[in-house]
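As a plain string of letters, each chain reads:
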Amino acid sequence: MTLLQFIFGYFAVMITVLSLLMITRRNPVHGVLWMLALFVHIAGLYILLNAEFLAAIQIIVYAGAILVLFLFVIMLLNLKKEESVKKFQKHWPVGVGTGIIFVVFAVSIVRKIEVFPQLGKYTIEAIKAEGNIMTIGKVLYTKYLLPFEIVSLILLVAIIGAVVLAKKRI
Amino acid sequence: MFLFIIKIVTVVLVFLTHVAVGVYAERKLMGHMQARLGPMRVGWHGVLQVIADGIKLFFKEDIIPANSDKPIFYMAPILGVLAAVGSIAVIPLWDNFSIANLNVGILYILALSSVGAYSIILAGWSSNSKYSFLGALRSSAQVISYEISMGLSLVGVMMLAGSANLSDIVRAQSGLWFVVPQIIAFFVFVVSAIAETNRTPFDLPEAESELVAGYFTEYSGMRWGLFMMAEYVGMIIMSSMAAVCFLGGWSGPEFWFFSYVPDVIWFILKVYAFMFFYIWLRATLPRYRYDQLMGLGWKLFIPLALANIVLTGLVKLL
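Predicted model, so just to flag it, every value in this text is computed and none were measured.

(A) Representation of the nonpolar core in the model. Residue and element names in this part refer to chain B. Of all hydrophobic cores here, the largest spans 112 residues; its most connected members are Ile106, Phe189, Met241 and Phe246. Among the elements that make up this core, the one with the highest residue count is helix H9 (residues 221-246) (15 residues). Excluding residues that lie within four positions of it along the chain, Phe189 makes contacts with Met150, Ser153, Leu154, Met238, Met241, Ala242 and Phe246.

(B) Main features of the interface of chain A and chain B. In this assembly, 19 residues from chain A lie in contact with 20 residues from chain B. Together, the buried faces of chain A and chain B total about 1,900 Å²; carbon and sulfur atoms form 82% of this surface. Our count for the chain A to chain B interface comes out at 0 salt bridges. Along the contact surface separating chain A from chain B lie 3 residue pairs in polar contact (both at pLDDT 80 or more). Elements with a minimum of two residues in the side of chain A that touches chain B: helix H2 (28-48) and helix H3 (52-77) of chain A.

(C) Local environment of the pattern of salt bridges. All names here are of chain B. Within this structure, the stated rule accounts for 8 salt bridges over all chains. A salt bridge links Glu26 to Arg199, with the shortest nitrogen-to-oxygen separation between them at 2.6 Å. Taken together, the residues Glu26 in helix H1 (residues 2-33) and Arg199 in the loop between helix H7 (183-196) and helix H8 (208-211) connect sequence positions 173 residues apart. Take Glu26 and Arg199: they sit in the same class, and that class is buried. Notably, a salt bridge pairs Arg282 with Glu26, separated by 2.8 Å at the nearest N-O pair. Here the residue Arg282 occupies a position in helix H10 (residues 263-284), and Glu26 occupies one in helix H1, the gap between them amounting to 256 residues. Given a relative accessible area of 33%, Arg282 falls into the partly exposed group.

(D) Region of the structure containing the packing of helix H5 (residues 130-161) of chain B against helix H11 (residues 290-317) of chain B. Residues and elements named next belong to chain B. Two elements in contact, H5 and H11, have axes separated by 9 Å at closest approach and are oriented at 15°. In terms of their interaxial angle, H5 and H11 are classed as roughly parallel. Crossing geometry of H5 relative to H11 is assigned as left-handed. In the contact of H5 with H11, the residues fall into 18 nonpolar, 9 polar and 2 charged.

Definitions and cut-offs
- Residues numbered from 1 in each chain as written.
- Chains lettered and ligands numbered in written order.
- Predicted model: local features only at pLDDT ≥ 70, side-chain atom pairs only at ≥ 80, totals over all residues.
- Heavy atoms only, no water.
- Core = buried A, V, L, I, M, F, W, Y, C linked by side-chain atoms within 4.5 Å.
- Buried < 20%, exposed > 50% of the residue type's maximum accessible area, 1.4 Å probe, protein only.
- Helix = DSSP H or I, 4+ residues; strand = E, 2+ residues; numbered from the N terminus.
- Contact = heavy atoms within 4.5 Å.
- Buried area = accessible area lost by both parts, 1.4 Å probe.
- Salt bridge = Lys/Arg side-chain N within 4 Å of Asp/Glu carboxyl O.
- Polar contact = N/O pair within 3.5 Å; in protein donor to acceptor, adjacent residues only side chain to side chain.
- Axes fitted to C-alpha atoms, helices over the stretch in contact; angles between N-to-C directions.
- Parallel < 35°, antiparallel > 145°, perpendicular 65-115°, else oblique.
- Left-handed = near helix turned anticlockwise from the far one by under 90°.
- Nonpolar A, V, L, I, M, F, W, Y, C, P; charged D, E, K, R; others polar.

This is the structure we're talking about:
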């Protein structure tokens, strides 16, 4: 086992353990904290893949913005009562159904993955020569311009929705 | 490997020594600005005051509130120091000298500063006290808002330099320091940096007249000391970022005997100037009101930084 494999193994095991810890905590704030550790480990996995830009964005966007908002909402809602509710509520059949569908999809996708596929245009050397940020920027603004714009439109809709909900008179 | 560890330890120790220097300088300078003397008793003109304070903090009783969330209460100040000290890694002190020469240096610093926000939120929440909690909520909103404007102000710098690597940014400024073409971004960055490190006039999370001490009201002894350490390291990091991104980092005048001065001296001088500015502001300005602070961030600085990005892009295209 090489060092890289060992590091990957560490991240893989930790990501699994941390996600389990995250969903089994009674206290939602503790759950969010385990999620923070989980995100840091996912960022570590990105660094292992030479995708340092994605790793930085993972921390800035997920840990720095989205998770802080989670914490904010949980703290403001004051979920003291929810903590004492038993773990399985009456919605559990829906959860099991969704879980089964998800597993089916995941298995069918995993079976399609080639372990050592033909090398594409973006090899590690090509990306290193051009720089991480530039490669992503070029692909994002040429090949994937339409999906990118659609995503930004969805975000815009969310922003307008928040304003409409929060403001009394528009 | 061994040399690398020595390098890391040395750089971190130098930065941490500057925390002590910063605390002393702040008390002394503020004293003189307000026509007082500042610390005078311990050592010559109070130079040993910081050491005395450190020893005192170290041996003070570590009081932990009975209803606090203990693991998080223990962890919060450590997380803060970790995030602040971790940022030291990418600061280039002189040409080809930084612990890690990352290609995403700016983003790394932004990422760690967003992790640092957790220490404040968690400290406030786990203390189980109203003052701490209010301070934490204020702070989290403030830090997130100003992080956006700070990140956006640095985008202009990245566009001009064509890189997010801090060393490359300094080299791109060999002709002209970015403070000239990026004067708007510089203004936004400096104000956001003050808000980001929770310093006066934006120190609402610890506004003592309304919140006792804000998020670290319940902390005592060395845990409180760790929060102070994180704050001062954060100040030094922000000063270094301002020096690196806008004031040409380690570069200095290259004529007469100035060309013999080591590069690191220029860098240190720029960082000191910023630290002085921080202290000067604290001694001069009163505190903002909270809604004014948020309004300023969202309605003035974020649009200004966005306008700066558009302007930089236009100029670069033409």
